[in-house]
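Structure at a glance
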Number of protein chains: 2
Amino acid sequence: MVVTIMYVIVVYDVNVKRVGKVCKFIRRYLPHIQNSVFEGDLPESKLEALRVGLRNIISEDEDSALMWVFRDNKYADRQVIGVEKKPVTTFL
Amino acid sequence: MVVTIMYVIVVYDVNVKRVGKVCKFIRRYLPHIQNSVFEGDLPESKLEALRVGLRNIISEDEDSALMWVFRDNKYADRQVIGVEKKPVTTFL
């Protein structure tokens, strides 16, 4: 079985009432690398679950989440300016 | 003259004292697409100015900015969940 790993960045901007829930949900899939920003590798098979879960949690009228999905992270030149915040484990 | 256009995503997490300054600075280069998130095309020649400027403004001990630079946005599958916030013009 071939597992395709995608490189994913997610950012959200949601009503404060839902911040905790949204954050906790995305953390099940990706490391939390900065305030409201998640980044990491994810099996392609889990992408849909992340997307559907987000749609269920957030308010489509009020909240916003952006997701960039890449086939490979080799195209990204990633730079940190200032503090490199350590990824928070998905299992916290 | 060949102008190489890069596709850039920037997110920041800085002390509240510097939020306004950092936001205003990055907006000179990229559209503000979500709270503390910027995304867009940028001539390669301006990347260094953006990077250097950010280094000058933020506190290296306290603040954090992340920048992903891609040669092309064709590798990105970009999805919006919820509200698509309109890009704020760079010239506001």
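These lines cover the structure that appears in this document, whether it is placed above or below. (Residues numbered from 1 in each chain as written. Chains lettered and ligands numbered in written order. Predicted model: local features only at pLDDT ≥ 70, side-chain atom pairs only at ≥ 80, totals over all residues. Heavy atoms only, no water.)

1. Thoughts on the environment of Val16 of chain A
Residues and elements named next belong to chain A. Relative to the helices and strands, Val16 is located in the loop between strand 1 (5-13) and helix 1 (19-27). With a relative accessible area of 70%, Val16 lands in the exposed category. C-alpha separation for the pair Val16 and Asp63, spaced 47 residues apart in sequence, amounts to 9.8 Å. (Helix = DSSP H or I, 4+ residues; strand = E, 2+ residues; numbered from the N terminus. Buried < 20%, exposed > 50% of the residue type's maximum accessible area, 1.4 Å probe, protein only.)

2. Notes on the sheet that holds strand 2 (residues 32-34) of chain A
Strand order in the open sheet made by the five strands is 2(A)-3(A)-1(A)-4(A)-5(B), with antiparallel pairing throughout. Pairing within the sheet leaves two strands with one partner each, and these edge strands are strand 2 of chain A together with strand 5 (76-82) of chain B. Looking at each pair of strands side by side, their axes are set apart by 25 degrees on average, direction ignored. Here strand 1 of chain A pairs with strand 3 (residues 37-43) of chain A via seven bridges, running antiparallel. (Pairing = 2+ DSSP bridges. Axes fitted to C-alpha atoms, helices over the stretch in contact; angles between N-to-C directions.)

3. So, the relation of the copies chain A and chain B
Each copy of the sequence occupies a distinct position, and chain A is placed on chain B by a rotation of 180 degrees and an axial shift of 0.0 Å, giving an RMSD of 0.0 Å. Those values place the two copies in the arrangement expected of a two-fold rotation axis. Taking C-alpha positions as the reference, the residue of chain A nearest the rotation axis is Tyr75 of chain A, at 3.8 Å. Counting the interface residues of chain A, we find that 100% of their copies in chain B are interface residues as well, pointing to one common contact surface. (Least-squares fit on C-alpha atoms with pLDDT ≥ 70 in both. Contact = heavy atoms within 4.5 Å.)

4. Observations concerning helix 1 (residues 19-27) of chain B
Residues and elements named next belong to chain B. Val22, Cys23, Phe25 and Ile26 are the residues of helix 1 that are buried. For helix 1, the angular spread of buried residues about the axis comes to 165 degrees, placing them on one side. Those residues of helix 1 that are exposed and angled more than 90 degrees off the buried face are Lys21 and Lys24. Packed against the buried residues of helix 1 are strand 1 (5-13), strand 2 (32-34), strand 3 (37-43) and helix 2 (44-57). (Arc of directions from axis to C-beta.)

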